Amino acid sequence: MPQNPEIAMKQWRRYAYARDTGHNDFVKKASTCVAFLCNEQWQQEDLVRLRRERRPALTVNKILSTVSTVQGEQIYNRAETTFRPRGGAAGATADALAMVFKQISDNNQLAWLRSDMFLDGIVTGRGYLDVRIDYEDSLQGEVRITHLNPKNVLVDPDAEHADPDTWGEVFVTKWMTLQDIAQLYGEADATLLKARTGSALQYGYDSINERRDRFGKHAYDFYAGPEIEHRRRIRVIDRQYRELVKQKFFATVETGDLRPVPRQIADDREAIAAVVAQTGQVVIEKPAQRIKWTVTADDVVLHDDWSPFKHFTVVPYFPYFMHGRTLGIVEGLLSSQELLNKTLSQELHVVNTTANSGWIVKRGALTNMTPAELEQKGAMSGLVMEVDEVANAQKITPNQVPTGLDRVSYKAEEHIKTISGVSDSMQGFDREDVAAKAIQAKRQAGSTNLVKPMDSLTRTDFWIARAVLDLVQEFYTEPRLITITKNRLTGDQESVMVNEATPEGEIANNLTMGEYDIIVSSVPQRETLEDSQFEQAVALREMGVAIPDDVLIQASRLQNKADILKAMKGDQNSPEAQAQARLQQRAQEAEVLRLEGEAAAKHADAGLRAAKAEDLLRGKPEAAGTDPQLEWAKAEHERDLAEREFQHEVDIDQRRLGNEEAETQQRLQLEAQTAAQKSETDRIVALQKAASDRLAASQADTPRGE
């Protein structure tokens, strides 16, 4: 594009300001945390000095196991994003939006990207994703989500809040090849940068830098040769920032709701008039903040225009955030890890010096070796040392191991557990004598220590869904067929058509219209959830709850569950299945009749006693000396007792029926099979008997002479 040195210089100064007012400190801290995670926990000069002194330098990486446990908690809990209609939006469209978001998540493998971002956050204190529209695989455009290196993202140094909508600017600096620049920004700019070996700007070393995160640690120009254009050696500064400009809005008169006029029709009066005539809205113009997008490489301006997006493409994740300061988990463990390494190394050094404490030898007393040879071989097993007199050589008594040295290493390890909140129970390292319930309680308590990083991840999920929702409503305007996989095990799929014109002239599942609330909930990963559901179902079955067999099969993780259930149920239209159903129905009816008969008998008995008591009260005693009032109270008491006994027996029978339902089904099935087998046997016996009778009859009709 046409060059403007002033834009490039302004861009560079803003980048240098953000870099030197905090980002360099973050990069230094992040590099240290990453090095500790990757087993590089000693300074190079310390290693050189220890090797020179022949002292050990042990590395016992407790940070890696701690981070793995924390990330395991995150992996076992996935985010479920749904949309709720607001302001008259259709509920069916909200469901369609949820399916669109799920398809975008699957296409971008968002679950793995979230895990990578979460790892960046707990290690360095910051993690980032990039959400934008991409036209590489589709002419219609698709939402593309990528993972960013936190060292390459420079947040507005004057920002105070974690929400990117409150930032004034954000930088993404990246290293690109000349071919990438030619493909994205044009051959002219790539040709201009091809001959650059230095920089025209003040901080030239930062524009063309050879030290960065990649598979190779260092790169040098003399290795490249003629293929230098294939190396990622040009630093590109991508800046998104807000500017205050006048912007047109559609305003709803009844509610006062404002929505920006889409950029596609912002300058088309006829299109705006058509929208106003169709919706009844009015158009107003007022000052608003709009995002400007500038990309430079050295002093070359590659892109400078308004952003097509409503939000910054960068979405952050901060495990702990307080007024512009970010904090991860690893940086609090650095001192404890160093203490553990140095203490264990010192313990090993003390043990080694105990085995080789040295010798005291009188000058000239050695006859078979020199003092230098004794220094080299003095600690070897089977050493033979010849001296002129035994008293002229003696072993130096070694120092005792300092008391409490092993306690220091133990305390260092405990500090790591305490600071991170990751206990032995969460890592599965509890003692064997600890009860299972106690372990489960400790695990739940340990998970409580990680609530804040998980809550921050849920907040990031909301920002991701917010960005995706705006991109979908802005760019998913044409009809699309959305297909998602409902069950990864069975491969069941579900499809929905969005933005489709109906014969009535309406748009079904119109994604561009309406407002929606974003609901983000954290749910266990499907495999973990299924295991938990199956274990609970089995436990309830063992407690006596009549859970059907098909429910247990559905809750299990068996393959071909549908075939297993079909084989268990059998053919419902077969004579055997119908006979079994009739027998089961008759058994249930008979049980109900029995209960009703018992109830009627008990009520009749209670009524008879009450009638006798009434006769006594009316002066018709059946026996002399009977008190009518006493008999009446006794009859009432017996009636109440009979009713309570009846209700109690009904409850017991209902529970027994529930517990015996499965057994009854099995018994009825067995009876049906037995009846079918007996019927088949009787049929065969009847056929055999008929054949025998016919044979006997034919023999009787035959003359004996013949």
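The following paragraphs examine the structure supplied in this document. (Residues numbered from 1 in each chain as written. Predicted model: local features only at pLDDT ≥ 70, side-chain atom pairs only at ≥ 80, totals over all residues. Heavy atoms only, no water.)

**Focus: the overall build of the protein**
From N to C terminus, the protein includes 20 helices and 19 strands. Considering only contacts within the protein whose residues lie at least 6 apart along the sequence, 70% involve residues at least 24 apart. Counting only carbon and sulfur atoms, one obtains 52% of the accessible surface of the protein, whose full area is about 43000 Å². (Helix = DSSP H or I, 4+ residues; strand = E, 2+ residues; numbered from the N terminus. Contact = heavy atoms within 4.5 Å. Areas by Shrake-Rupley, 256 points an atom, 1.4 Å probe, with all protein chains shown as cover.)

**Quick notes on the nonpolar core**
Core analysis: the largest hydrophobic core is formed by 83 residues, its most contacted members being Val 143, Ile 145, Val 468, Val 472 and Tyr 476. In terms of residue count, helix H15 (residues 451-475) provides more of this core than any other element does, ten residues in total. When residues no more than four places from it in sequence are discounted, the contact partners of Ile 145 are Ile 104, Asn 108, Leu 110, Leu 113, Leu 129, Asp 130, Val 131, Ile 464 and Val 468. Ranked by size, the runner-up nonpolar core spans seven residues in total, among them Trp 12, Ala 16, Ala 18 and Phe 171. (Core = buried A, V, L, I, M, F, W, Y, C linked by side-chain atoms within 4.5 Å. Buried < 20%, exposed > 50% of the residue type's maximum accessible area, 1.4 Å probe, protein only.)

**Some points on the environment of Gly 125**
Position of Gly 125 among the secondary structure elements: in the loop between helix H5 (110-124) and strand S2 (127-134). We classify Gly 125 as buried; its relative accessible area is 0%. Measuring from C-alpha to C-alpha, the distance between Gly 125 and Glu 331 comes to 8.3 Å, with 206 residues separating the pair along the chain. Not counting residues up to four positions away in its chain, the partners in contact with Gly 125 are Asp 120, Tyr 317, Phe 318, Pro 319, Thr 326, Leu 327 and Gly 328.

**Overview of the pattern of salt bridges**
Evaluated as defined, the whole model comprises 20 salt bridges. Lys 417 is paired through a salt bridge with Glu 414; the nearest N and O atoms lie 3.4 Å apart. Here the residue Lys 417 and the residue Glu 414 both occupy positions in helix H12 (residues 405-420), the gap between them amounting to three residues, near one helical turn. One salt bridge in this structure joins Arg 480 and Glu 478, with 2.4 Å as the shortest N-O distance. Neither residue differs from the other here; Arg 480 and Glu 478 are each classed as buried. Here the salt bridges share partners, and the residues they tie into one network are Asp 134, Asp 137, Glu 142 and Arg 144. (Salt bridge = Lys/Arg side-chain N within 4 Å of Asp/Glu carboxyl O.)

**Regarding the pairing of S2**
Among the eight residues in S2, seven count as buried, and that is most of the element. Examined bridge by bridge, S2 and strand S10 (residues 314-317) share four bridges and lie antiparallel to one another. Counted as the bridge partner of Leu 129 is Val 315 from S10. Relative to strand S3 (residues 142-148), S2 runs antiparallel, the two sharing seven bridges. Bridge pairing links Asp 130 to Thr 146 in S3. (Pairing = 2+ DSSP bridges.)

**Describing helix H1 (residues 5-37)**
Of all the bends in H1, the greatest measures close to 55° and is centred on His 23. Downstream of H1 by a residue or two, Asn 39 has a phi angle that is positive, lying close to 75°. (Bend = angle between axes of the 7 residues up to and from the residue.)

**Looking at the packing of aromatic side chains**
Tallying each qualifying case throughout the model produces eight aromatic pairs. A ring pair is formed by Phe 83 and Phe 101, whose centres lie 6.1 Å apart and whose planes are at 75°; its orientation type is edge-to-face. Here Phe 83 is found in strand S1 (residues 77-86), whereas its partner Phe 101 is found in helix H4 (residues 91-108), with 18 residues between them in sequence. Taking relative accessible area as the criterion, Phe 83 reaches 8% and is therefore assigned buried. Considering the side-chain rings of Phe 318 and Phe 321, the 5.4 Å spacing of their centres and the 20° angle between planes classify their relative orientation as stacked. One aromatic cluster in this structure is built from Trp 12, Tyr 15 and Phe 171. (Phe/Tyr/Trp six-rings, centres within 6.5 Å; stacked < 30°, edge-to-face > 60°.)

**Remarks on the packing of helix H6 (residues 178-185) against helix H7 (residues 187-194)**
Here H6 crosses H7 at 155°, and the two axes come no closer than 7 Å. Taken together, H6 and H7 sit at an angle that is classed as roughly antiparallel. For the crossing formed where H6 meets H7, the hand is right-handed. Residues Leu 178, Ile 181, Ala 182 and Tyr 185 of H6 pack against Glu 187, Asp 189, Ala 190, Leu 193 and Lys 194 of H7. Residue composition of the contact of H6 with H7, by class: six nonpolar, no polar and three charged. (Axes fitted to C-alpha atoms, helices over the stretch in contact; angles between N-to-C directions. Parallel < 35°, antiparallel > 145°, perpendicular 65-115°, else oblique. Left-handed = near helix turned anticlockwise from the far one by under 90°. Nonpolar A, V, L, I, M, F, W, Y, C, P; charged D, E, K, R; others polar.)

**A closer look at a nonpolar patch on the surface**
A cluster of nonpolar side chains, Val 253, Leu 258, Val 282 and Ile 284, forms an exposed patch at the surface whose accessible area comes to about 290 Å². For Ile 284, a relative accessible area of 32% gives the class partly exposed. (Patch = residues over 30% accessible without salt bridge, like charges linked within 9 Å, V, L, I, M, F, W, Y side chains within 5 Å.)

**Thoughts on the side chain of Arg 242**
When you line up the elements, Arg 242 lands in strand S6 (residues 234-251). Its relative accessible area of 18% is what places Arg 242 among the buried residues. Here the side chain of Arg 242 touches Pro 164 through a polar contact of 3.3 Å, landing on its backbone oxygen. Among the polar contacts listed, one links the side chain of Arg 242 to the backbone oxygen of Trp 167, at a separation of 2.9 Å. Apart from the residues within four sequence positions on either side, Arg 242 is in contact with Pro 164, Asp 165, Trp 167, Gly 168, Gln 289, Arg 290, Ile 291 and Phe 312. (Polar contact = N/O pair within 3.5 Å; in protein donor to acceptor, adjacent residues only side chain to side chain.)

**Here we look at the packing of H5 against H15**
Geometry of a packed helix pair, given as the angle between the helix axes and the separation of the axes. For the pair H5 and H15, the least separation of the axes is 12 Å and the interaxial angle reads 130°. The orientation of H5 relative to H15 falls into the category oblique. Where H5 crosses over H15, the handedness of that crossing is right-handed. Counting all contacts with H5, which are made through Arg 114, Met 117 and Phe 118, the residues of H15 involved are Pro 453, Met 454, Leu 457, Thr 460 and Asp 461.

**Quick notes on the sheet that holds S2**
Pairing in this open sheet of three strands is antiparallel, and the strands run S3-S2-S10 from one edge to the other. The open sheet has two edge strands with one neighbour each: S3 and S10. Recorded for the sheet is a direction-independent mean angle of 25° between the axes of neighbouring strands. Taken strand by strand, H5 contacts S2, S3 and S10, and its axis lies near 30° from that of S3. Across the sheet, H15 lies against S2, S3 and S10, angled at about 165° from S10, the strand it touches most.

**Topic: H7**
Residues that lie three or four places apart on an α-helix share one face, since the helix turns once every 3.6 residues. Every buried residue of H7 is accounted for by Asp 189, Ala 190 and Leu 193. Along the long axis of H7, the arc covered by the buried residues comes to 100°, so they all point the same way. Pointing more than 90 degrees away from the buried face of H7 are the exposed residues Glu 187, Ala 188, Thr 191 and Lys 194. On the buried face of H7, the contacting elements are H6, S6, strand S8 (282-297) and strand S9 (300-306). (Arc of directions from axis to C-beta.)

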